[in-house]
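Spelled out, the chains give:
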Amino acid sequence: MPLLEILTYPDPFLKQTVKAVTTIDDKIQKIIEDMADTMYDAPGVGLAAIQAGINKRIIVFDPEADPEKRGFQVFINPEIVESRGEMVSEKEGCLSVPDFRANVKRSAFVRAEGLDRHGNPLKIETDGLLSVILQHEIDHLNGILFIDRISALKRQLYKKKRKKALKNA
Ligand code: GNR
Ligand code: NI
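Caption draft 1: How the structure looks around the pattern of salt bridges. If you walk through the whole model with that rule in mind, you get 11 salt bridges. One salt bridge connects Asp139 with Arg106, and the closest N-O pair in it is separated by 3.0 Å. In this pair, Asp139 sits in helix H2 (residues 128–141) while Arg106 sits in strand S5 (residues 97–106), placing the two residues 33 residues apart along the sequence. Three or more residues joined by partner-sharing salt bridges are found here, namely Glu33, Asp37, Arg70 and Arg117.

Caption draft 2: Quick look at the environment of Leu14. Tracing the backbone through its elements, the reader meets Leu14 in the segment before helix H1 (26–41). Placed 128 residues apart in sequence, Leu14 and Asn142 show a C-alpha to C-alpha distance of 8.8 Å. Contacts of Leu14, omitting those with residues within four sequence positions, involve Leu7, Thr8, Tyr9, Ile50, Gln51, Ser96, Gly143 and Ile144.

Caption draft 3: Quick peek at H1. With 16 residues, H1 should reach 22 Å at 1.5 Å per residue; the first-to-last C-alpha distance of 23 Å fits that figure. Every buried residue of H1 is accounted for by Ile28, Ile31, Ile32, Asp34, Met35, Ala36, Asp37, Thr38, Met39 and Tyr40. Looking at the buried positions of H1, the neighbouring elements they touch are strand S1 (46–48), strand S2 (58–61) and strand S3 (73–84).

Caption draft 4: Local environment of the nonpolar core. Counting residues in each nonpolar core, the largest one holds 17 residues, and the members touching the most others are Ile32, Ile58, Val60 and Phe72. Taken together, the elements giving at least two residues each to this core come down to H1, S2 and S3. Ranked by the residues each element gives to this core, the list is headed by H1, at seven residues. The contacts of Ile58, once residues within four sequence positions are left out, are Val21, Ile28, Ile31, Ile32, Met35, Leu47, Ala48, Ala49, Val74, Phe75, Ile76 and Leu141. Among the nonpolar cores identified, the runner-up in size contains 15 residues, and Phe75, Ile124, Ile133 and Leu134 belong to it.

Caption draft 5: How the structure looks around the site of ligand 1. Taken together, Gly44, Val45, Gly46, Gln51, Glu92, Gly93, Cys94, Leu95, Val132, His136, Glu137 and His140 make up all the residues around ligand 1. Here Gly46 contributes a backbone N or O atom positioned 3.1 Å from a nitrogen atom of ligand 1. Considering ligand 1 on its own, with 390 Å² of exposed area, one finds that the protein chains cover 90% of that surface. Contributions of two or more residues to the shell around ligand 1 are made by strand S4 (87–94) and H2. Tallying contributions element by element places H2 first for the shell around ligand 1, with four residues.

Caption draft 6: The coordination of the nickel ion (ligand 2), seen in detail. Cys94 (SG), His136 (NE2) and His140 (NE2) make up the full set of protein donors to the nickel ion (ligand 2), lying at 2.1 to 2.3 Å. Between consecutive donor residues of the nickel ion (ligand 2), the sequence gaps follow C-x41-H-x3-H. With a gap of four residues between them, His136 and His140 both fall in helix H2, about one helical turn apart. His140 gets classed as buried once you look at its relative accessible area, which sits at 1%.

Caption draft 7: Structural detail: H2. End to end, H2 covers 21 Å across 14 residues, agreeing with the expected 20 Å (1.5 Å per residue, within 8%). Counting buried positions over the 14 residues of H2 gives 12, a clear majority of the element. For H2, the complete set of buried residues consists of Leu130, Ser131, Val132, Ile133, Leu134, Gln135, His136, Glu137, Ile138, Asp139, His140 and Leu141. Of the residues one or two after H2, Gly143 is the one with positive phi, at around 75 degrees.

Caption draft 8: Quick look at the sheet that holds S2. The antiparallel open sheet is built from five strands, whose spatial order is S1-S2-S3-S6-S7. Taken across any chain shown, the strands that pair with only one partner, and hence form the sheet edges, are S1 and strand S7 (121–127). Averaged over neighbouring strand pairs, the angle between their axes works out to 40 degrees when direction is ignored. Bridge count between S3 and strand S6 (residues 109–115): six bridges; the pairing is antiparallel. Paired with Ile80 across the bridge in S6 is Ala112. Of the strands in this sheet, S1, S2 and S3 touch H1, which is tilted by about 40 degrees from S2. Against the sheet, H2 makes contact with S1, S2, S3, S6 and S7, and its axis sits at roughly 125 degrees relative to S7, the strand it touches most.

Definitions and limits used
- Residues numbered from 1 in each chain as written.
- Chains lettered and ligands numbered in written order.
- Predicted model: local features only at pLDDT ≥ 70, side-chain atom pairs only at ≥ 80, totals over all residues.
- Heavy atoms only, no water.
- Salt bridge = Lys/Arg side-chain N within 4 Å of Asp/Glu carboxyl O.
- Helix = DSSP H or I, 4+ residues; strand = E, 2+ residues; numbered from the N terminus.
- Contact = heavy atoms within 4.5 Å.
- Expected span 1.5 Å × (residues − 1).
- Buried < 20%, exposed > 50% of the residue type's maximum accessible area, 1.4 Å probe, protein only.
- Core = buried A, V, L, I, M, F, W, Y, C linked by side-chain atoms within 4.5 Å.
- Near = heavy atom within 4 Å.
- Polar contact = N/O pair within 3.5 Å; in protein donor to acceptor, adjacent residues only side chain to side chain.
- Areas by Shrake-Rupley, 256 points an atom, 1.4 Å probe, with all protein chains shown as cover.
- Donors = N, O, S within 2.8 Å, 3.2 Å for Na, K, Ca; no water.
- Pairing = 2+ DSSP bridges.
- Axes fitted to C-alpha atoms, helices over the stretch in contact; angles between N-to-C directions.

Put into structure tokens, the structure is as follows:
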């Protein structure tokens, strides 16, 4: 069960819009299992393939984050087709943005559509934490990090802190 290396800010790989999956084959199944392993190990409640250096539109997520249950879901080529309302995610974090948390303005409700790991249509309508996770992960597929959605001042503070930490590493 090899763990994947998680890329972190400011890795330029994280800033691209990644490609749709066209064929769901054994290679994709292997990527999905490795992504789930990596998410539980981190630990995190979601992971986008791009964070592991894979330029494909695949996300895995599990709000329970229980490695024993391993109840993760897979969303391939997910798209937000409807969003409503506003909420603030409290202390949102990202495995690709080490040592930082911030409140982020998000939609309160989303409807997302894509494929499950077998290529069957998957539609999810949700609010609360799962809605935030989906918005966060789908942002990743479009090269967007949660720090792109906070105030410029807070973002600058983080960028400075991160550069300092990397210099002293
Ligand atoms: O583990 C994670 N926690 C989290 C908390 C609040 C909002 C979003 C997230 S997703 C994050 C894992 C991650 O970086 N996924 O891309
Ligand atoms: Ni993230």
